[in-house]
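# Topology and contacts: notes
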Amino acid sequence: MTLKVAVLMDPIGSIKIAKDTTFAMLLEAQRRGHSLFYMEQGDMAARSGEPWARLAPLSVRDDPTGWYMLGESEWRDLREMDVVLMRKDPPVDPQFIYDTMVAELAERAGVLVVNRPQALRDCNEKLFAMHFPQCMSPTLVTRDAADIRAFVATHGEVVLKPLDGMGGRGIFRVKASDSNLNSMLETLIAAGPKGEHKQFTMVQKFIPEITSGDKRILVVDGEAVPYALARIPQGSDFRGNLAAGGRGVGVPLSDRDRWIVSQVAPELRRRGLLFVGLDVIGDYLTEINVTSPTCVRELDAQFGLNIAGQLFDVIERTRIETRAA
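Below: a short report on this structure. Here the structure is a predicted model, which means the values were calculated and not measured.

### Considerations on helix α1 (residues 21–31)
Counting buried residues in α1 gives nine out of 11 residues, a clear majority hidden from the surface. All buried positions along α1 are accounted for by T21, T22, F23, A24, M25, L26, L27, E28 and A29. Near the N-terminus of α1, the side chain that reaches the backbone nitrogen of T22, with its oxygen 3.1 Å away, is that of D20. Positive phi appears at G33, one or two residues downstream of α1, with a value of about 90°.

### Let's talk about unusual backbone geometry
Following P90, the chain continues to P91 via a peptide bond in cis, the omega torsion being 15°. Mapping P91 onto the fold places it in the loop between β7 (83–87) and α2 (94–108). For the bond from V114 to N115, the omega torsion is -5°, close enough to zero to count as cis. Phi angles above zero are rare outside glycine, and S48 is one such case at about 50°. Here S48 lies in the loop between β3 (44–47) and β4 (50–60).

### Some thoughts on the pattern of salt bridges
One pass over the structure, following the stated rule, counts 24 salt bridges. A salt bridge links R32 to E316; the shortest N-O distance between them is 3.0 Å. Of this pair, R32 sits in the loop between α1 and β2 (35–39) while E316 sits in helix α8 (residues 307–324), and the two are 284 residues apart along the sequence. R297 is paired through a salt bridge with D62; the nearest N and O atoms lie 2.8 Å apart. A residue pair is termed long-range when its members are at least 10 positions apart, and R297 in helix α7 (residues 296–303) and D62 in the loop between β4 and β5 (68–70) qualify at 235 residues. What makes R297 buried here is its relative accessible area of 16%. Counted as one network, the salt bridges with shared partners bring together E28, R31, R32, D313 and E316.

### Things to note about the nonpolar core
One finds M39, L78, V84, L278, L285 and I288 to be the most contacted residues of the largest nonpolar core, which totals 41 residues. In terms of residue count, helix α6 (residues 255–270) provides more of this core than any other element does, five residues in total. When sequence neighbours within four positions are dropped, the list of residues in contact with L78 reads M39, M44, P51, W52, A53, L55, V84, A106 and V111. Counting 37 residues, the second-largest nonpolar core is a separate cluster that includes A24, M25, A308 and F312.

### Topic: the packing of helix α4 (residues 145–155) against helix α5 (residues 181–189)
Relative orientation and spacing of two packed helices are given, respectively, by the angle between their axes and the distance between those axes. Close contact between α4 and α5 brings their axes to 11 Å; oriented N to C, the two are set at 135°. In this view, α4 runs oblique relative to α5, as classed from their interaxial angle. Remark: the crossing between α4 and α5 carries right-handed chirality. Here α4 contributes A145, I148, R149 and V152 to the contact with α5, which in turn contributes L181, N182, L185 and I189.

### Observations concerning α6
Across its 16 residues, α6 extends 24 Å between first and last C-alpha, which sits within 8% of the 22 Å expected from 1.5 Å per residue. The largest bend along α6 reaches roughly 35° and is located at V264, with the proline P266 sitting one to four residues downstream. Where α6 is concerned, the buried positions are D257, I260, V261, V264, A265, E267 and L268. In this structure, the buried side of α6 is in contact with β15 (214–220), β16 (223–224), β18 (247–252), β19 (275–281) and β20 (284–289). Looking one or two residues past α6, G272 carries a phi angle of roughly 75°, positive in sign.

Conventions used here
- Residues numbered from 1 in each chain as written.
- Predicted model: local features only at pLDDT ≥ 70, side-chain atom pairs only at ≥ 80, totals over all residues.
- Heavy atoms only, no water.
- Buried < 20%, exposed > 50% of the residue type's maximum accessible area, 1.4 Å probe, protein only.
- Helix = DSSP H or I, 4+ residues; strand = E, 2+ residues; numbered from the N terminus.
- Polar contact = N/O pair within 3.5 Å; in protein donor to acceptor, adjacent residues only side chain to side chain.
- Salt bridge = Lys/Arg side-chain N within 4 Å of Asp/Glu carboxyl O.
- Core = buried A, V, L, I, M, F, W, Y, C linked by side-chain atoms within 4.5 Å.
- Contact = heavy atoms within 4.5 Å.
- Axes fitted to C-alpha atoms, helices over the stretch in contact; angles between N-to-C directions.
- Parallel < 35°, antiparallel > 145°, perpendicular 65-115°, else oblique.
- Left-handed = near helix turned anticlockwise from the far one by under 90°.
- Expected span 1.5 Å × (residues − 1).
- Bend = angle between axes of the 7 residues up to and from the residue.

And the structure:
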């Protein structure tokens, strides 16, 4: 089966190919003989209910001196594609939401969009985890500073997170006695020139096991990759995110990790989330990454895996089933 595979991603000229999961997907698709087409945010449009995109033919190679070649971009009906990979990094802002709506027009015509547009809109990477409270440590999401102060007083030490961040940006670790708590809350909650618009903030009880790493567990069509990448904080920084300087170490999944996956996987399948990254610290699920989960290249290199191959097995099987229907 030869497929036309379009990818929506951040600028390909700026990626680090040794760590870029989207690049791993492109290499695998090309290895299988599929045709690649490239677009960035801003290259999608809807014309009288038809999904269009400004697409450039793409070829890739695993070479840090020159990893891609692009042909001439042209506007094409997105329904000509067999698969669209939605791989733009967060934040999930209004413009990305609009992109998912255009992609959904293609999906309705039979194009396989990975991950499903509706799921990308519905599953905020912080809030979606709260569908599985049995897997989480104590967590609060609120706009109310007094609620947060009470939560901090109850649990002693917490982590504060914005709902739209990635890579560890905007995350604070704070104790009940910290004199900076109020200013942290002002930073996270207040929006607008006079702070008149309040924003949701997530507050989680601090999990000391972060010293052993914030584990990224990859799930392909509900099946866990058998190894996780433990992103271990370095120096005095409590954040394990690789973008924040964490060190990635591959580890086998624990029984608890597998139990967490078993709790989450049926809902992932129901929503059409074929490729997902679960973040687990100690025994607790902290986030569910659906927009552009990473860590494929690191796990492939450490354990001789081909995670993108697993994903494309699912993609090809799904396309066969769709065509048969």
